[in-house]
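# Reading the structure
The chain contents come next:
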Amino acid sequence: MSGSPDGTARQWDVESGETILEPIETGHSGVWAAVYSPNMSMIATGGRDGPWTGEPIECSIKIWNTKTGTLVATLKGHTTSAVIRLAWTEKLLCISGGSSVGDSIRTWNTKTWKLSAVVWLSIKKAYAGEFQSFMSCSVHFH
C-alpha cells in the first residue's frame, strides 16, 4: 500500500512488484498516509484536501474497498493540517487519524462512520508512539 504526492493510492503485489488495481484517485491533493484495515477488506487514506496556501483547510480520511477501489466513507473533522497518521483497532471497531500540526487525534466508529472521540493534544506533533498508545485505548470511546 502506498500513497503519493499526486493524490493517488496504490495496492502492490509484493512478489511481482505490480499494482493490484488501477491507482485510486483519492481526491486528496497528496496522500500522506495509507493503511490496510486488519482484515485487509478496506484501505484508509489521509492527506490534504486542497493545495497548500498557508491557511487551515479541512482534511479528510477516506475509506476504500480493497477489491473494487470504490469509496466507502469520507471522514471529516481535521481542520488545521494534512492527516499524516492513521491506525485501525485490531477488531475494526474504530479508525483514528492525526494531523501534521498535531493538535488532535480523532476517532471514528467503523460501523456508523461517525466521529466518536477527539483528543486534544498539548504537544505540537502527533508522534507515532503517542498515537499508537492512544489507539490501544481508543476502543473505549466508540
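Use the structure listed above.
Figured I'd write up the structure that's included with this text. Residue positions are counted from 1 within each chain, in the order its sequence is given. Predicted model: local features are reported for residues with pLDDT of at least 70 only, side-chain atom pairs are reported and counted for 80 or more only, and whole-chain, interface and lining totals are derived from all residues. The basis for the side-chain values is all heavy atoms of the structure; hydrogens and waters are excluded.

### Re the pairing of strand 4 (residues 30-36)
Along any regular strand, the residues point their side chains to alternate faces of the sheet. With six bridges connecting them, strand 4 and strand 5 (residues 42-48) associate as antiparallel partners. Within the sheet, the bridge partner assigned to Tyr 36 lies in strand 5 and is Ile 43. Here strand 4 folds back onto strand 5 in antiparallel fashion, the turn holding five residues, of which Met 40 has a positive phi close to 65 degrees. Only strands that DSSP links by at least two bridges are regarded as paired with each other. Strands are runs of DSSP state E lasting at least 2 residues, helices are runs of H or I lasting at least 4, and numbering of each runs from the N terminus.

### Regarding the side chain of His 28
Summarising the element assignment, His 28 is placed in the loop between strand 3 (24-25) and strand 4. Only protein chains enter the calculation, and the probe is 1.4 Å; a residue is then buried if its accessible area is under 20% of its type maximum, exposed if over 50%, and partly exposed in between. A relative accessible area of 4% means that His 28 is categorised as buried. One polar contact links His 28 to Thr 45, side chain to side chain, over a distance of 3.0 Å. Only 2.7 Å separates the side chain of His 28 from the side chain of Asp 49, close enough to count as a polar contact. By definition in these notes, contact holds between two residues if any of their heavy atoms fall within 4.5 Å. Residues in contact with His 28, not counting those within four places in the same chain, are Gly 7, Thr 45, Gly 46, Gly 47, Arg 48, Asp 49, Ser 60 and Lys 62. Counted as a polar contact is a pair of N or O atoms within 3.5 Å, where, for protein atoms, one must be capable of donating a hydrogen and the other of accepting one, and residues adjacent in sequence contribute only when both atoms are in side chains.

### Regarding the sheet that holds strand 4
In space, the four strands of this open sheet follow the order 4-5-6-7, with antiparallel pairing throughout. Each end of this open sheet is capped by a strand with a single partner; those strands are strand 4 and strand 7 (71-78). Each strand axis lies, on average, 20 degrees off the axis of its neighbour in the sheet, ignoring direction. Across five bridges, strand 6 (residues 59-65) lies against strand 7 in antiparallel orientation. Paired with Ile 63 across the bridge in strand 7 is Ala 73. The axes are straight lines fitted to the C-alpha atoms, using for helices just the contacting stretch, and the angles between their N-to-C directions are given from 0 to 180°.

### Regarding unusual backbone geometry
Unlike most non-glycine residues, Met 40 shows phi in positive territory, near 65 degrees. Position of Met 40 relative to the elements: it lies in the loop between strand 4 and strand 5. In this structure, Trp 113 is a non-glycine residue whose phi angle is positive, near 60 degrees. Relative to the elements of secondary structure, Trp 113 occurs in the loop between strand 10 (104-109) and strand 11 (115-120).

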